[in-house]
Amino acid sequence: MQTTPKSLRLQIAILGKVNAGKSSFLNLMTGQSVSIVSDVAGTTTDTVEKAQEFHPLGPVLWLDTAGFGDMSELGQKRKQKMQDALERADVAIFISNSKILEEPEKELLALLESKKIPLIKVINQNRDFEPYLKDDFIVLNAADTSKRDAAVGLIQNALLGICPEDFLTPPAMLGDLVKAGGKVVMIVPIDAEAPKGRLIMPQVQAIRDCLDHRQTVIVCQEANYLKILEDLKTPPDLVVCDSQVVQFMVQNTPPSVKCTTFSILMARLKGDLEALAKGAKAIKDLKDGDKILISESCTHHAIKDDIGTIKIPNLMLKKTGKNLIFEHIAGCALPYDLKGYRLIIQCGGCTQNRKAILSKIATAEQSGVPITNYGICLSALNGVLDRVLEPFNLN
Ligand SMILES: Nc1nc2c(ncn2[C@@H]2O[C@H](COP(=O)(O)OP(=O)(O)OP(=O)(O)O)[C@@H](O)[C@H]2O)c(=O)[nH]1
Ligand SMILES: [Mg+2]
């Protein structure tokens with residue numbers, strides 16, 4: 001992994017009506033010609049993404065969104081794309097040509113407020129003067145590259161002021177569960193689904209987090225686990241496994257040793273572990289004919305043992321003994337209409353940022369549909385959920 005993955009970047013949505021200068025603003029901030037700029041209203045259609053190291057914030061992902069305020073059929077589709085970007089935006093930059101806002105602009109600000117997305121307001125004046133800050137607006141000229149440094153400085157400062165705390169000082173993934181100098185064993189099965197030549201994001205992040213906390217990590221496949229326990233002079237402080245071998249781990253780990261899964265660690269880091277663990281309780285109440293939505297964030301090509309399309313449905317049918325109906329979606333956001341589903345099972349979301357996962361949990365909760373994730377669901381179906389949640393003192 002050479003660069004910071006998208007899921008760990010601060011996602012900044014650039015929003016405004018068509019022709020407000022959003023793409024010009026992105027190009028000004030990055031100092032590159034990233035997005036097409038033209039005076040044709042509606043030039044940007046799909047969200048344009050650009051990753052950048054934006055000092056002093058660190059790694060960011062700009063989202064240049066489609067403009068709104070055009071009532072055509074294509075305009076409606078552009079608006080939808082803009083709203084999809086809001087589901088994962090950590091912060092937003094609203095661009096207007098005037099302090100006196102039009103109705104659709106006021107509606108957008110109200111939407112951002114209802115979604116509690118921290119906001120910077122920019123007036124793109126299109127006149128020749130130095131960028132400045134006035135009241136709660138930054139006034140600049142997005143097309144004037146000669147004033148770039150001053151404009152970038154103002155935006156960097158403003159972003160520092162509104163950036164969520166957990167981006168600047170990220171919480172621990174598991175290092176806080178183990179004392180400094182402690183030992184963590186990680187069980188990582190290398191099966192047909194494992195990517196070639198590398199580990200997946202949650203495993204890499206977990207190893208790095210232990211190293212950051214001065215802990216020792218021992219990584220093995222299931223076949224070597226018992227031998228490692230035997231060889232260690234003192235038991236490990238924590239064992240973490242891939243959810244697919246959770247039953248094996250629980251059966252073979254002494255009850256006095258804490259154990260959990262990568263999925264649960266990701267749920268705690270990226271989403272809301274309590275909500276996702278509560279969602280899994282709905283499994284025992286499922287009835288014949290209930291519909292379950294399985295939501296995969298990335299668009300990988302499913303192989304024969306695919307966890308979302310094959311393993312989880314098969315295990316659920318077997319363990320519940322009910323005649324359940326499974327529907328699958330892939331991509332970033334959940335459908336707006338969730339009526340009719342009895343449970344949503346979300347993938348670990350390792351390619352998505354925390355905001356995107358929290359948006360999904362909020363959408364599900366608003367519709368009154370329980371939501372859980374793949375790993376928590378597998379632990380529940382294997383009857384070991386309480387054991388792997390023990391390290392977290394949930395109510
Ligand atoms: N003179 C001047 N023109 C600007 C400025 N900012 C943007 N423009 C012009 O305004 C037009 C629209 O700019 P874009 O950056 O494409 O606007 P946008 O908001 O991305 O538009 P859509 O993608 O259509 O929603 C272009 O012709 C730009 O050159 C500015 O600060 N000064
Ligand atoms: Mg544009």
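Residues numbered from 1 in each chain as written. Chains lettered and ligands numbered in written order. Predicted model: local features only at pLDDT ≥ 70, side-chain atom pairs only at ≥ 80, totals over all residues. Heavy atoms only, no water.

**What to know about the site of ligand 1**
For clarity, the cut-off: If a single non-hydrogen atom of a residue is within 4 Å of a molecule or strand, that residue counts as near it. As used in this structure description, the phrase polar contact means that two N or O atoms lie within 3.5 Å; if the pair is within protein, one of them must be able to donate a hydrogen and the other to accept it, and residues adjacent in sequence are counted only when both atoms belong to side chains. In this description, accessible areas are obtained by the Shrake-Rupley approach with a 1.4 Å probe, and a residue is regarded as covered only by the protein chains that are shown. By definition, any uninterrupted DSSP run of H or I lasting at least four residues is a helix, any uninterrupted run of E lasting at least two residues is a strand, and each is numbered from the N terminus. Gly is placed with the polar residues, together with every amino acid not listed as nonpolar (Ala, Val, Leu, Ile, Met, Phe, Trp, Tyr, Cys and Pro) or charged (Asp, Glu, Lys and Arg).
The local shell around ligand 1 holds 21 residues, among which K22, S24, G42, T43 and N126 are the closest. The separation between an oxygen atom of ligand 1 and a polar main-chain atom of S38 is 3.2 Å. T43 places a main-chain nitrogen or oxygen 2.8 Å from an oxygen atom of ligand 1. Taking 660 Å² as the accessible area of ligand 1 by itself, protein coverage stands at 81%. No other element matches helix α1 (residues 22–30), which puts three residues into the shell around ligand 1. Class assignment of the residues belonging to the shell around ligand 1 gives a composition of seven nonpolar, 12 polar and two charged.

**Description of the pairing of strand β3 (residues 58–64)**
Going by this rule: When accessible area is computed with a 1.4 Å probe and restricted to protein chains, residues below 20% of their type maximum are described as buried, those above 50% as exposed, and intermediate ones as partly exposed. DSSP-based pairing: two strands are paired if at least 2 bridges between them are found.
Of all the seven residues making up β3, seven are buried; the element is thus mostly covered by neighbouring parts of the structure. Looking at chain direction, strand β1 (residues 10–16) and β3 are connected through five bridges and run parallel. What sits directly across from A13, in β3, is L63. In this structure, strand β2 (residues 48–54) lies alongside β3, joined through seven bridges in antiparallel fashion. By the bridge assignment, E53 is partnered in β3 with P59. Between β2 and the antiparallel strand that follows it, β3, lie three residues.

**Here's the deal with the environment of V245**
What counts here: The criterion used for residue contact is that any of the two residues' heavy atoms lie within 4.5 Å.
For V245, the position within the fold is in the loop between β10 (238–241) and α8 (246–252). Accessibility expressed as a relative area gives 10% for V245, which makes it buried. Separated by 106 residues in the primary sequence, V245 and T351 place their C-alpha atoms 22 Å from one another. Not counting the four nearest positions on each side in its chain, V245 is found in contact with I187, P189 and E222.

**A word on the domain arrangement of the protein chain**
Many descriptions give the size of an interface as the accessible area lost when the pieces come together. Put simply, the rule reads: Where each domain begins and ends is defined by an automated method or by a domain database. Computed with a 1.4 Å rolling probe, the buried area is the accessible surface lost when two parts are put together, summed over both parts. In the sections that follow, a salt bridge refers to a side-chain nitrogen of Lys or Arg positioned within 4 Å of a carboxyl oxygen of Asp or Glu.
What the domain assignment reports for the protein chain is domain 1 (6–168), domain 2 (175–266) and domain 3 (272–381). When each unit is reduced to the centre of its C-alpha atoms, the spacing between domain 2 and domain 3 is 25 Å. Every contact between the two is made by 12 residues of domain 2 and, on the other side, 12 residues of domain 3. Summed over both sides, the interface between domain 2 and domain 3 buries roughly 990 Å², with carbon and sulfur atoms accounting for 62% of that surface. When the buried area of domain 2 at its contact with domain 3 is split by residue, E193, Q244 and I264 rank highest and sum to 45% of it. Our enumeration of links across domain 2 and domain 3 arrives at zero salt bridges. Linking domain 2 with domain 3 are one residue pair in polar contact (both at pLDDT 80 or more), by the criterion used here.

**Some thoughts on the side chain of T65**
For T65, the location among the structural elements is in the loop between β3 and α2 (73–86). Residue T65 is classed as buried on the basis of its relative accessible area of 0%. Reaching out from T65, the side chain makes a polar contact with the backbone oxygen of I14 at a distance of 2.6 Å.

**Remarks on unusual backbone geometry**
In this chain, H55 is followed by P56 through a cis amide linkage whose omega measures 0 degrees. Here P56 is to be found in the loop between β2 and β3. Backbone geometry at D135 places phi at a positive 50 degrees, although glycine is not the residue there. Among the secondary structure elements, D135 is positioned in the loop between β6 (132–134) and β7 (137–140). Although it is not a glycine, N393 adopts a positive phi angle of roughly 50 degrees. Position of N393 among the secondary structure elements: in the segment after α14 (385–389). The exposure class assigned to N393 is exposed, which follows from its relative accessible area of 68%.

**Examining helix α12 (residues 354–367)**
Heads up, the condition is: To estimate the expected span of a helix, count its residues, drop one, and scale the result by 1.5 Å.
Given a rise of 1.5 Å per residue, 14 residues ought to cover 20 Å, and the 20 Å separating the end C-alpha atoms of α12 matches this to within 8%. Of the residues making up α12, those classed as buried are K355, A356, I357, S359, K360, I361, T363 and A364. Looking at the residues trailing α12, positive phi occurs at G368, about 70 degrees.

**Focus on the coordination of the magnesium ion (ligand 2)**
What counts here: Water is not part of the atom set, so a site may look incomplete; the donors themselves are N, O and S atoms within 2.8 Å of the metal, or 3.2 Å for Na, K and Ca.
Surrounding the magnesium ion (ligand 2) are the protein donor atoms S23 (OG) and T44 (OG1), at 2.0 to 2.1 Å. Of this pair, S23 sits in helix α1 while T44 sits in the loop between α1 and β2; the two residues are 21 residues apart in sequence, bridging distant segments of the chain.

**Notes on the packing of aromatic side chains**
Under the convention used in this document: In this analysis, rings of Phe, Tyr and Trp, with Trp reduced to its six-membered ring, are considered paired at centre separations within 6.5 Å, and the interplanar angle assigns stacked below 30 degrees, edge-to-face beyond 60, and tilted for intermediate values. A ring is scored as having a charge over it whenever the NZ atom of a lysine or the CZ atom of an arginine sits within 6 Å of its centre and within 35 degrees of its normal.
The tally for this structure, following the rule as stated, stands at four aromatic pairs. Ring centres 5.1 Å apart and planes at 80 degrees place the aromatic pair F54 and W62 in the edge-to-face group. Centroid distance F129 to Y132: 5.8 Å. Interplanar angle 50 degrees. Geometry classified as tilted. An aromatic cluster of three or more residues is present, and its members are F25, F54 and W62. The ring of F137 carries K121 above its face, with NZ or CZ at 5.2 Å from the centroid. Between the NZ or CZ atom of K291 and the centre of the ring of Y341, over which it lies, the distance is 5.0 Å.

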